[in-house]
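Tertiary structure, described
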Amino acid sequence: MSQPIAFIDLAQQRDRVRDKIEARFKRILDTGAFIMGPDVAELEAALSAFGGMSETLSCASGTDALLLPLAAWGIRSGDAVFVPSFTFAATAEVVAMLGATPIFVDCLPHSFNIDPDNLRLAIDEVKQAGRLRPRCIIAVDLFGQAADYPSLRTVADEHGLKLISDAAQGYGATIDGRMAGAWADVVATSFYPAKPLGCYGDGGAVQTNDAELAAVMRSLRVHGSGTDRYDNVRIGMNARMDTLQAAVVIEKLGIFPEEIESRMRIARRYSDALSQVVTPQVLPNGMVSTWAQYTVRVSDGRRDAFMAAMKERGVPTVIYYAKPLHQQTAYRDFPAAGGRLAVTDELSGDVVSLPMHAYLDEATQDRIIDAVHASLKSIG
């Protein structure tokens, strides 16, 4: 009997770094520096070197990483923040939590990322209505592919807006060799275990080249602290990263570039073998994706039948964002650009993700590829 196929296999990576992580855990347990210990500062320095931004703050989650810069900029009621609808709830959640208004923007049909032209429409609509102040754009690196940051930077500069890269899925992705920080004011990422660069619990980080912004975020991260933690100079939050999780990310960061290369190789094999029968997420020339997920489109209402057929063949598949945010109960009363997000609605009905991780061997991948062809043939 064939071995079960894991959708995301963390075990092989765990075994590779286990000894080093356990050694770090032992030192942390011996010293008792469980919160903001030396490994946290070490991680922040390593992430600054990797991401090419001068200021890095680790934090308790990817959600905190998005919330901290918005709070530091004073985003509040009456402000508009432009976000894609085809993404996880955290991207819009942080906006609404501050009392501001998320404005949902459509995505591009090939990259699945936020559409700069639709973004311009959304900004114009908000300005014409005159009820909200446009303040910020949050772009998502969906499934590991960097958004079109050069175009988004142009739009942001035209309208005097801040630009955040939500790199929870795409931290480490590049455009012509440059990461999102070359264009974005802030890069936020998540270290949730299933992310390409993950820890063994919750964690995140936010990066910027703005030292003043970083100083405010550091204060907010620890309950609005001033000269010490009992000197509260602003309303803050508890967003500290624990030392054990920082230790995990340090060791995983050491092998991360190699894993990105592996993910790129695996994605190329998928695309070469499947592009004639499904529509993969398209990666433009000059771009490197972290391929958090390998996602294809199965159209004409065949997705459910396809997934059932894959399951029969022992291959797991997952739908990400079957209900986009502008259709969710908590968010459906917020504005959407043009009143309708046609591409987002279409994608949510036909995307499906195949197993993807840096340790997917060719024999297992071939089983998945064969199952895709056989499943599509069986459902017609």
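As a starting point, this report considers the structure included with it. Throughout this document, residue positions are counted from 1 along each chain, in the order its sequence is written. With the structure being a predicted model, the display of local features is reserved for residues of pLDDT at least 70 and the display and counting of side-chain atom pairs for 80 or more, all residues being used for whole-chain, interface and lining totals. Heavy atoms from the whole structure form the basis of all side-chain values; hydrogens and water molecules are not counted.

Right, let's get into the environment of Y171. Strands here mean DSSP runs of E at least two residues long; helices mean DSSP runs of H or I at least four residues long; both are numbered from the N terminus. Relative to the assigned elements, Y171 resides in the loop between β5 (162–166) and β6 (174–175). For Y171, a relative accessible area of 6% translates into the label buried. Those residues within four positions of Y171 in sequence are excluded, and the remaining contacts are L47, F50, G51, V187, T189, L197, Q207, F256 and T290. At a separation of 3.0 Å, a polar atom in the side chain of Y171 contacts the side chain of Q207. Whether a residue is buried, partly exposed or exposed follows from its accessible area with a 1.4 Å probe, protein chains only, as a fraction of its type maximum: under 20%, in between, or over 50%, in that order. The contact rule is simple, with two residues in contact once any of their heavy atoms fall within 4.5 Å. The term polar contact refers here to a pair of N or O atoms within 3.5 Å; inside protein, the definition further demands a hydrogen-donor-capable atom paired with an acceptor-capable atom, and it admits residues adjacent in sequence only when both atoms are side-chain atoms.

What follows concerns the pattern of salt bridges. Salt-bridge detection follows one rule: a side-chain nitrogen of Lys or Arg within 4 Å of a carboxyl oxygen of Asp or Glu. Applying the stated criterion across every chain yields a total of 19 salt bridges. One salt bridge in this structure joins D30 and K26, with 3.0 Å as the shortest N-O distance. With D30 and K26 both in helix α1 (residues 11–31) and four residues apart, the pair spans about one turn of that helix. K26 sits in the exposed class, given a relative accessible area of 53%. For D185, the salt bridge goes to R153, with nearest N and O atoms at 3.2 Å. Placement of the pair is D185 in the loop between β6 and β7 (186–190) and R153 in helix α6 (residues 149–159), with a sequence separation of 32 residues.

By the criterion of burial, strand β4 (residues 133–140) is predominantly enclosed, with six of the eight residues buried. What makes two strands pair is DSSP finding at least two bridges between them. Note that strand β2 (residues 79–84) and β4 share four bridges and pair parallel. Paired with A80 across the bridge in β4 is P134. The parallel pair β4 and β5 is bridged by α6, and the resulting crossover is right-handed. Whether a crossover is right-handed comes down to one check: with the strands pointing away from the viewer, does the path from the first strand over the helix to the second run clockwise; if it does, it is right-handed.

For the rest of this paragraph, the subject is the packing of aromatic side chains. Pairing of aromatic rings covers Phe, Tyr and Trp, the last counted by its six-membered ring, and requires centre-to-centre distances within 6.5 Å; plane angles under 30 degrees mean stacked, over 60 mean edge-to-face, and any other angle means tilted. Going through the model one piece at a time under the given rule, you end up with 13 aromatic pairs. Aromatic pair F86 and Y321: ring centres 5.7 Å apart, planes at 80 degrees, arrangement edge-to-face. One end of the pair, F86, is in the loop between β2 and α4 (90–97); the other, Y321, is in the loop between α9 (303–312) and α10 (342–350), with 235 residues separating them in the sequence. Each member of the pair, F86 as well as Y321, carries the same accessibility label: buried. Relative to F143, the ring of F112 has its centre 6.2 Å away and its plane inclined at 90 degrees; by these criteria the two rings are edge-to-face. Of this pair, F112 sits in the loop between β3 (101–105) and α5 (116–129) while F143 sits in the loop between β4 and α6, and the two are 31 residues apart along the sequence. Judged by its relative accessible area of 2%, F112 falls in the buried class. Members of the aromatic cluster, joined through ring pairs, are F7, F86, F112, F143, Y320 and Y321.

We now examine the side chain of R297. Residue position: R297 is located in strand β11 (residues 294–297). A relative accessible area of 12% places R297 in the buried class. Within polar-contact distance, the side chain of R297 engages the backbone oxygen of P109 at 3.4 Å. A polar contact is formed between the side chain of R297 and the side chain of D350, at a distance of 3.1 Å. Filtering out sequence-adjacent residues up to four positions away, R297 remains in contact with P109, F112, V278, T279, E346, L347, D350 and V351.

Turning our eyes to something else, we now look at the side chain of Q281. Position of Q281 among the secondary structure elements: in the loop between β9 (279–280) and β10 (287–288). From its side chain, Q281 meets the backbone oxygen of S111 in a polar contact 2.8 Å long. Only 3.2 Å separates the side chain of Q281 from the backbone oxygen of L142, close enough to count as a polar contact. Q281 has contacts with H110, S111, F112, L142, F143, Q145, W291 and T295, leaving out every residue within four places of it along the chain.

This part is about the packing of α1 against helix α8 (residues 243–274). Note on definitions: angles span 0 to 180 degrees between N-to-C directions of axes, and those axes are lines fitted to C-alpha atoms, for helices only across the stretch in contact. One way to put it is that α1 packs onto α8 with a least axis distance of 9 Å and a crossing angle of 145 degrees. Pair α1 / α8 crosses with right-handed handedness. Here α1 contributes Q13, R16, V17, K20, I21, R24, F25 and I28 to the contact with α8, which in turn contributes T243, L244, A247, V248, I250, E251, K252, I255, E258 and E259. Throughout, the ten residues Ala, Val, Leu, Ile, Met, Phe, Trp, Tyr, Cys and Pro are labelled nonpolar, Asp, Glu, Lys and Arg are labelled charged, and all others, Gly among them, are labelled polar. Of the residues contributing to the contact of α1 with α8, the split by class is nine nonpolar, two polar and seven charged. In a left-handed crossing the near helix is turned counterclockwise from the far helix by less than a right angle, and in a right-handed crossing that turn is clockwise.

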